[in-house]
Amino acid sequence: MTAAADERTHDSAPADDVLAVAREQVLERGVGLTEEQVLAVLRLADDRLDDLLALAHEVRMRWCGPEVEVEGIISLKTGGCPEDCHFCSQSGRFPTPVRSAWLDIPGLVEAARQTALTGATEFCIVAAVRGPDARLLSQVREGIKAIRESGNDIQIACSLGMLTQEQVDELVAMGVHRYNHNLETARSHFPNVVTTHSWEERWDTLRMVREAGMEVCSGGILGMGETPEQRAEFAVQLAELDPHEVPMNFLIPQPGTPYEAYEPIEGREALKLVAAFRLALPRTMLRFAGGRELTLGDLGAEKGMLGGINAIIVGNYLTNLGRPAQRDLDMLVDLKMPIKALGDTL
Ligand code: SF4
């Protein structure tokens, strides 16, 4: 054996082993990977990608089952946010083309109706704010009431930024069953991404949400200049939070934002990240959210569904068009993955 070949063998041994370790630890025992193990997965050579995706899929089937949760989201208040999240086209601090706008109650009811027609069980009401004020909470309250009065019993989630304890309690009283608030990135990287509030403030909201009995939904965006080590750090910090759901987004560089010139994550890398997060979070709902079309393309979406993902957002995302809902629903039929029924989640 040449010196170079010897070195390759030596270098690749620990990386190869991580899949064997994951099979015993994650698949058999349901114990998520540690930070070092996630990093080893992220460093696997590309020719191990299929093995990695196959294992992540087995883990998802073993610990979550075959169902896929389908969700629709709607923006109640778009743009004009005072915060400076560097990836976000809805920040009022950057010269992006997004203009501030509010949706009215009939628009909200119609969006909920269309979402329910796709078979989705979740309808998430989103607002671009630091946190809700009295006007926004009153719109949400009226909107939920109108959706219920229309005979639509879809489950309602909200994503309204950082909350006070009083606001958490109000949302519970309105019947909101899940709250989304993304940690966005690893704690160590967060100050490079956002300067107007802290990772810890986000964590506090999530803690209150959990203690009030709502389901916690928290994920983030990959491709914001974080290192592989920080990606592993983030996966493990999410595991520590133990959310019901983790939405995985891949950065879509938005014109006018500080990240407009960032390169999207390459498809194989994105698939590796999906699988690595599945191995860190064996029992958590892992949702394909924004950026998958750009990063993965159509083939990638299916590969991701066979590589650890078990929830999707259908239709439009907040500021970027997703692909038509029917194509996603057809994909699930092709993959023989049943859509989770409303009754399963009540
Ligand atoms: S708080 Fe939300 S809406 Fe506001 S800039 Fe940050 S990500 Fe965008």
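Just so you know, these numbers come straight off a predicted model, no measurement behind them.

Each value, and the rule that gives it
Residues numbered from 1 in each chain as written. Predicted model: local features only at pLDDT ≥ 70, side-chain atom pairs only at ≥ 80, totals over all residues. Heavy atoms only, no water. Near = heavy atom within 4 Å. Nonpolar A, V, L, I, M, F, W, Y, C, P; charged D, E, K, R; others polar. Salt bridge = Lys/Arg side-chain N within 4 Å of Asp/Glu carboxyl O. Helix = DSSP H or I, 4+ residues; strand = E, 2+ residues; numbered from the N terminus. Buried < 20%, exposed > 50% of the residue type's maximum accessible area, 1.4 Å probe, protein only. Core = buried A, V, L, I, M, F, W, Y, C linked by side-chain atoms within 4.5 Å. Phe/Tyr/Trp six-rings, centres within 6.5 Å; stacked < 30°, edge-to-face > 60°. Lys NZ or Arg CZ within 6 Å of the ring centre and 35° of its normal. Disulfide = S-S within 2.5 Å.

Visitor: Tell me about the site of the ligand, and name the residues and values.
Guide: Near the ligand you find C81, E83, C85, F87, C88, S91, A128 and V129, and these make up its full shell. Looking at the shell around the ligand, its residues break down into 6 nonpolar, 1 polar and 1 charged.

Visitor: Talk me through the pattern of salt bridges; I want residue IDs and the actual numbers.
Guide: For the coordinates displayed, the defined rule picks out 25 salt bridges. With its nearest N and O atoms 3.8 Å apart, the salt bridge here joins R231 to E269. Of this pair, R231 sits in helix α9 (residues 228–241) while E269 sits in helix α10 (residues 267–280); the two residues are 38 residues apart in sequence, bridging distant segments of the chain. On the basis of relative accessibility, which here comes to 12%, the residue R231 falls in the buried class. Among the residues examined, E269 registers a relative accessible area of 23% and is labelled partly exposed. Between R287 and E245 there is a salt bridge whose closest N-O contact spans 2.4 Å. Of this pair, R287 sits in strand β9 (residues 285–288) while E245 sits in strand β8 (residues 245–250), placing them 42 residues apart in sequence. With respect to class, R287 is no different from E245; both count as buried. One network of salt bridges, in which partners are shared, links E69, E71, E122, R178, E215, E245 and R287.

Visitor: Before we move on, could you go through the nonpolar core and cite the residues and values that matter?
Guide: Core analysis: the biggest nonpolar cluster contains 94 residues, and L171, F277 and M305 have the highest contact counts within it. No other element matches α10, which puts 9 residues into this core. Among the nonpolar cores identified, the runner-up in size contains 6 residues, and I73, C124, V126 and I313 belong to it.

Visitor: Talk me through the packing of aromatic side chains; I want residue IDs and the actual numbers.
Guide: Following the criterion strictly, the structure yields 3 aromatic pairs and no others. Between W199 and W203, the ring centres sit 5.2 Å apart and the planes meet at 25°, which makes this aromatic pair stacked. Of this pair, W199 and W203 both sit in helix α8 (residues 199–211), separated by 4 residues, roughly a single helical turn. The class of W203 is partly exposed, set by a relative accessible area of 21%. Considering the side-chain rings of Y259 and Y262, the 4.4 Å spacing of their centres and the 25° angle between planes classify their relative orientation as stacked. Residue Y259 is classed as buried on the basis of its relative accessible area, which comes to 4%. Over the aromatic face of W63 sits the side chain of R283, whose NZ or CZ is 4.4 Å from the ring centroid.

Visitor: Any details on the state of the cysteines? Residues and values, ideally.
Guide: Under the counting rule described, the total for this entry stands at 0 disulfides. Free cysteine C124: the closest other cysteine sulfur is in C158, separated by 6.6 Å. Of the residues examined, C124 reaches a relative accessible area of 5% and is grouped as buried.

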